[in-house]
Amino acid sequence: MTAEGRAERTAEADEQCAKAYAAAGGPDVGVALVAVGGYGRGELAPFSDWDVVLVHDDAVSPGSVAEQVWYPLWDTAPKLDHSVRSFSEMLSSSTGDLRVALGLLDIRQLAGDRGLVLRLRTTMLAHWRKHARALLPELRTMSVERHRRAGELAHASVPDLKEMYGGLRDAVVIKAIVATWLVDVPAVDLEKSRRALLDVRDLVQEIGGRATDRVAPEMWDQLAERLELADARTAQAHVRTIGRRLTHLSR
């Protein structure tokens, strides 16, 4: 099923990234290659970007690794979103951009210095919690504006599984809010709904043959078949039910 597909895609991407780092002469200390965002969460869809960062200690230069590590990955990844940042730059980028801060809560080590990655994860999470009360009003405003612009998943004729109210973006936001320790939501319910919507997103991309989060009208019959549901109408009800639950948790 699609959960196994995500695990396989992530494992394959991890292997390619580790090989590229080793081939570029990446050191074991002071430098690391990390996955962030959806890749960091191990949620690669068939056509997802690989979001990776080469991070290094402030006192360490990554040298030629910063250029050479990307070449083999350009030929492997559906799309590679990459950057090189020092430890301090990672922290400052999360301070200045809320979207970046959310993505950096899901840092995962791919190759290089494990200690550096652990320190980075700990620092990012502590920074998020420390500044949460100041950042949450901005996060709420950003989410409400997105909802206004994109609409609500449970009522859309052409659902956007990521950006709409009750979509995958909201699930990530809820997880980030829970990480502040200021509020809580039913964790099992959130994870069940999030994974179910990820399954739908993966199938939509397989059916469409491209990177997309929108369920086009002609996809419902195939989606129902792959989800082992009775018909297109049942598939629509399934997606809308997930959207309603995530909308409720978000509220």
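What counts as what
- Residue indices follow the written sequence of each chain, beginning from 1 at its first position.
- pLDDT decides what is reported in this predicted model: residues at 70 or higher carry local features, side-chain atom pairs at 80 or more are listed and counted, and totals for whole chains, interfaces and linings draw on all residues regardless.
- Calculated side-chain values reflect all of the structure's heavy atoms, with hydrogen atoms and water omitted.
- For helices the rule is a DSSP run of H or I covering at least 4 residues; for strands it is a run of E covering at least 2, with both sets numbered from the N terminus onward.
- In this scheme, a helix's expected span is set at 1.5 Å multiplied by one less than its residue total.
- Each residue gets one of three labels from its accessible area relative to the maximum for its type: buried under 20%, exposed over 50%, partly exposed in between, using a 1.4 Å probe on protein chains only.
- The contact rule is simple, with two residues in contact once any of their heavy atoms fall within 4.5 Å.
- Polar contacts here mean pairs of N or O atoms no more than 3.5 Å apart (in protein, one a potential hydrogen donor and the other a potential acceptor; neighbouring residues in sequence count only if both atoms are side-chain atoms).
- Following DSSP output, two strands are said to pair if at least two bridges run between them.
- Angular values range over 0 to 180 degrees, each being the angle between N-to-C directions of two axes fitted as lines to C-alpha atoms, with helices fitted over their stretch in contact.
- What counts as a ring pair is set by centres within 6.5 Å for rings of Phe, Tyr and Trp (its six-membered ring), and what kind of pair is set by the plane angle: stacked under 30 degrees, edge-to-face over 60, tilted for all other angles.
- Only Lys NZ and Arg CZ are tested; either one counts as a charge over a ring when it is within 6 Å of the ring centre and within 35 degrees of the ring normal.
- The working definition used for a salt bridge is a side-chain nitrogen of Lys or Arg within 4 Å of a carboxyl oxygen of Asp or Glu.

## Quick word on helix α12 (residues 232-250)
Thought 1: An ideal rise of 1.5 Å per residue puts 27 Å on 19 residues; α12 measures up with 27 Å between its terminal C-alpha atoms.
Thought 2: For α12, the full list of buried residues reads Ala232, Ala235, Val239, Arg240, Ile242, Gly243, Leu246, Thr247 and Leu249.
Thought 3: Tucked inside the fold, the buried residues of α12 contact α9 (168-178), α10 (187-208) and α11 (220-226).
Thought 4: Near the N-terminus of α12, the side chain that reaches the backbone nitrogen of Arg233, with its oxygen 3.3 Å away, is that of Asp231.

## Focus: the sheet that holds strand β3 (residues 80-86)
Thought 1: Pairing in this open sheet of four strands is mixed, and the strands run β3-β2-β1-β4 from one edge to the other. The open sheet has two edge strands, β3 and β4 (108-112), and neither has a second partner. Taken pair by pair, the neighbouring strands of this sheet meet at an average axis angle of 25°, ignoring direction.
Thought 2: The pairing of strand β2 (residues 50-56) with β3 spans seven bridges and is classified as parallel.

## Details of the packing of aromatic side chains
Thought 1: Using the criterion set out here, one finds two aromatic pairs in the structure.
Thought 2: Ring centres of Tyr39 and Trp50 lie 6.1 Å apart, and the angle between their planes is 35°; on these two criteria the pair is classed as tilted. Of this pair, Tyr39 sits in helix α2 (residues 37-40) while Trp50 sits in strand β2, placing them 11 residues apart in sequence.
Thought 3: Judged by relative accessible area, which is 1%, Tyr39 ranks as buried.
Thought 4: One Lys or Arg, Arg119, reaches over the ring of Phe87 and ends 4.8 Å from the middle of that ring.
Thought 5: We note Arg129 situated over the ring of Trp181; from NZ or CZ to the ring centre the distance is 3.6 Å.

## Focus: the pattern of salt bridges
Thought 1: In this structure the tally under the stated criterion is 19 salt bridges.
Thought 2: Where Glu43 meets Arg41, a salt bridge forms, and the shortest distance between an N and an O atom there is 3.1 Å.
Thought 3: The exposure class assigned to Arg41 is partly exposed, which follows from its relative accessible area of 25%.
Thought 4: Residues Glu191 and Arg194 are paired through a salt bridge, measuring 2.6 Å at the closest nitrogen-oxygen approach. Here Glu191 pairs with Arg194, and both are found in helix α10, just three residues apart, close to one helical turn.
Thought 5: On the basis of relative accessibility, which here comes to 6%, the residue Arg194 falls in the buried class.

## Considering the pairing of strand β1 (residues 31-35)
Sheet faces and side chains relate simply in a regular strand, where the side chains alternate between the two faces.
Thought 1: Among the five residues in β1, five count as buried, and that is most of the element.
Thought 2: Burial along β1 is two-sided: Val31, Leu33 and Ala35 and Ala32 and Val34, pointing in opposite directions, are all buried.
Thought 3: Inspection of the sheet shows β1 paired to β2 by five bridges, in the antiparallel sense. From the neighbouring strand, Leu33 faces β2, where its bridge partner is Leu54.

## Observations concerning the environment of Val158
Thought 1: Structurally, Val158 is set in the loop between α8 (132-150) and α9.
Thought 2: Judged by its relative accessible area of 29%, Val158 falls in the partly exposed class.
Thought 3: In the structure, Val158 is positioned 56 residues away from Arg214 in sequence and 6.5 Å away in space, judged by C-alpha atoms.
Thought 4: The contact partners of Val158, leaving out residues within four places of it in the chain, are Met164, Arg214, Val215 and Pro217.

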